[in-house]
Amino acid sequence: MKKSVIVLLHIAYWSMYIWFLAILLIRGDNYLNLNLVHDFFLSGPLGVICFVPSIIGFYVFYVVLFPNYLSKKKLIVLAISSILASVMAALIGDFFLCIKWKSKILFETGWESAIGITILLSFIAFVHGIFGLVIKGFVTAYSDITLKEDLNKKNYEMELALVKNQINPHFLFNTINNIDVLIQKDPIKASDYLNKLSDIMRFMLYETKADKIALSTELTYIEKYIELQKIRSSNPSYVNYSIEGSFNDLMIEPMLFIPFIENAFKHTENKNLENAINIKITINKEMIIFECENKFIINSQNKSEHNGLGNGLIEKRLLLLYPNKHQLNITTHNNIYKVKLTLNNVY
């Protein structure tokens, strides 16, 4: 939701509140009671009573309690915090009353009147706080709906980009040429690599059409992809790939990790480097952690492309598939490009 619309929404709320107060000031002959108007809006204590706790309560609930507790469904903490926030707003109102009128208003009949006024101010703050939660909830829900609609509109574009990335002509061309050369040197190994390439093509054409696939299938694809990439280098320490943890029957969306791995191979030009590419996947009961880092040569073209397949598209896809359930960190330091993707609550 646009900020201007949110501002108008707040203006409308407070305008309606002032209008409600104005109705209370109308006398039986439909004229405003000017003495009460003066007391409400100019210098009287009723202005403090009606506006100080209401404003504080509304915006504490709106800015603090909703995002920290209600949106995270911490209802017990929300209830306790709501009471404390209402009392705090009331005490601030008491403070303003004491500054302006010392103890004449608050302690007119002793502690009995002070407690009564404090309870009244707490109630006013609480009521406005509830309205603050409702309005914040409406703004948040509308923003989420708008975001999802926007992501759905761009999802087709992302899918096209991912399909284009899956069927990489350059990768296929090099792999087929390498297998062709290997046929004469080691036919058995060449056949094994050809089967791996066939499995990868089958995965691209069929498995990726499903909304979710077994994590084991995704990891098998990654392993075969790495094996085919290794054909192009005689360096056994060129790539390190490891998996920690048990994935059992875990299901994930297809092609989550491979775009980062493809970029790593694409931008690691020196295949004689030790540990040029390191890929690690850690799986536990709460999350999946994917880490991929590669060494690269700095130049302007490489730098611009490395941000390329569109990290923007990948991030939008993750936002669509794992809203509030993922963290993606991408860093570049000392010629090392590192990606760390954490998926939470995937079970």
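The model shown is predicted, which means the values in this text are computed figures rather than measured ones.

Engineer: Before we move on, could you go through the overall build of the chain and cite the residues and values that matter?
Structural biologist: When its secondary structure is counted, the chain shows 11 helices and eight strands. Taken across its 347 residues, the chain has 39% of its residues classed as buried. For the chain, contacts bridging at least 24 residues in sequence account for 71% of all contacts bridging at least 6. Counting every atom, the chain has about 20,200 Å² of accessible surface; 61% of that belongs to carbon and sulfur.

Engineer: Break down the confidence of the model for the chain for me, with residues and values.
Structural biologist: If pLDDT is low for a region, its predicted coordinates should not be looked at in detail. Per-residue confidence for the chain gives a mean pLDDT of 81; residues scoring 70 or more make up 82%. For the chain, helix α10 (residues 300–306) is the element with the lowest average pLDDT, namely 46, and strand β5 (residues 277–283) is the one with the highest, namely 94. Segment residues 300–309 is flagged for pLDDT under 50; beyond a separation of four residues in sequence, or across chains, it makes 18 contacts in the model.

Engineer: Lay out the nonpolar core with the relevant residues and their values.
Structural biologist: Counting residues in hydrophobic clusters, the biggest one holds 47 residues, and the most contacted among them are Y221, I222, F257, I288 and F290. Contributing elements (two or more residues each) for this core: α6 (169–185), α7 (187–205), α8 (215–230), α9 (258–267), β5, β6 (287–295), α11 (311–321) and β8 (336–344). The contact partners of I222, leaving out residues within four places of it in the chain, are Y241, F257, I258, I261 and I281.

Engineer: Outline the sheet that holds strand β7 (residues 326–333), supporting the account with residue identities and numerical values.
Structural biologist: Strand order in the open sheet made by the five strands is β3-β5-β6-β8-β7, with mixed pairing throughout. Each edge of the open sheet carries a strand with a single partner, namely β3 (239–244) and β7. Strand-to-strand twist across the sheet, computed as the mean angle between neighbouring axes with direction ignored, equals 5°. Pairing analysis gives seven bridges linking β5 to β6, with the strands arranged antiparallel. Along β6, the bridge assignment pairs I277 with N294. Strands in contact with α8 are β3, β5 and β6; relative to β3, the strand with the most contacts, it is inclined by about 165°.

Engineer: Just give me the short version of a nonpolar patch on the surface, but keep the residues and values in it.
Structural biologist: Taken together, the side chains of W19, F20, I23 and L24 present a nonpolar region at the surface, about 450 Å² in accessible area. Residue position: I23 is located in helix α1 (residues 3–25). Its relative accessible area of 38% is what places I23 among the partly exposed residues.

Engineer: Quick rundown of the side chain of S81? Include the residues and the values.
Structural biologist: Mapped onto the elements, S81 comes out in helix α4 (residues 75–101). Those residues within four positions of S81 in sequence are excluded, and the remaining contacts are L65 and Y69.

Engineer: Now, about the packing of aromatic side chains: what can you tell me, with residues and values included?
Structural biologist: Centre-to-centre distance and the angle between the planes together describe a pair of aromatic rings. Under the criterion given, the structure shown has 19 aromatic pairs. Taking the centre distance of 5.8 Å and the plane angle of 50° together, the rings of Y13 and F131 count as tilted. Pair noted here: Y13 is in helix α1 and F131 is in helix α5 (residues 111–166), with a separation of 118 residues, a long-range link. Since its relative accessible area comes to 13%, Y13 is described here as buried. Classification of F131 as partly exposed rests on a relative accessible area of 43%. Measuring from ring centre to ring centre gives 5.9 Å for F58 and Y62, while their planes differ by 15°; the resulting arrangement is stacked. Of this pair, F58 and Y62 are both found in helix α3 (residues 45–70), four residues apart, which corresponds to roughly one turn of the helix. Residue classification places Y62 among the buried residues on the basis of a relative accessible area of 8%. Taken together, the ring pairs connect Y13, W14, Y17, F51, F58, Y59, Y62 and F131 into an aromatic cluster.

Engineer: I'd like a rundown of the pattern of salt bridges, residues and numbers included.
Structural biologist: Taken as a whole, this structure holds five salt bridges when the rule is applied. Notably, a salt bridge pairs D199 with R202, separated by 2.8 Å at the nearest N-O pair. Of this pair, D199 and R202 are both found in helix α7, three residues apart, which corresponds to roughly one turn of the helix. The exposure class assigned to R202 is partly exposed, which follows from its relative accessible area of 44%.

Engineer: With reference to specific residues and values, describe α11.
Structural biologist: For an α-helix the count is 3.6 residues per turn, leaving residues at separations of three or four pointing the same way. Considered for burial, the residues of α11 that qualify are N311, I314, R317 and L318. For α11, the angular spread of the buried residues around the axis is 120°, confining them to a single face.

Engineer: Give me the packing of α8 against α9: which residues, what numbers.
Structural biologist: Direction vectors running N to C along α8 and α9 enclose 10°, while the axes themselves pass 11 Å from each other. On the basis of their axis angle, the class for α8 and α9 is roughly parallel. Along the contact surface, α8 presents E218, Y221, I222, Y225, I226 and Q229, while α9 presents I258, I261, E262 and F265. In terms of residue class, the contact of α8 with α9 is built from seven nonpolar, one polar and two charged.

Conventions and cut-offs
- Residues numbered from 1 in each chain as written.
- Predicted model: local features only at pLDDT ≥ 70, side-chain atom pairs only at ≥ 80, totals over all residues.
- Heavy atoms only, no water.
- Helix = DSSP H or I, 4+ residues; strand = E, 2+ residues; numbered from the N terminus.
- Buried < 20%, exposed > 50% of the residue type's maximum accessible area, 1.4 Å probe, protein only.
- Contact = heavy atoms within 4.5 Å.
- Areas by Shrake-Rupley, 256 points an atom, 1.4 Å probe, with all protein chains shown as cover.
- pLDDT = per-residue confidence, 0-100.
- Core = buried A, V, L, I, M, F, W, Y, C linked by side-chain atoms within 4.5 Å.
- Pairing = 2+ DSSP bridges.
- Axes fitted to C-alpha atoms, helices over the stretch in contact; angles between N-to-C directions.
- Patch = residues over 30% accessible without salt bridge, like charges linked within 9 Å, V, L, I, M, F, W, Y side chains within 5 Å.
- Salt bridge = Lys/Arg side-chain N within 4 Å of Asp/Glu carboxyl O.
- Phe/Tyr/Trp six-rings, centres within 6.5 Å; stacked < 30°, edge-to-face > 60°.
- Arc of directions from axis to C-beta.
- Parallel < 35°, antiparallel > 145°, perpendicular 65-115°, else oblique.
- Nonpolar A, V, L, I, M, F, W, Y, C, P; charged D, E, K, R; others polar.

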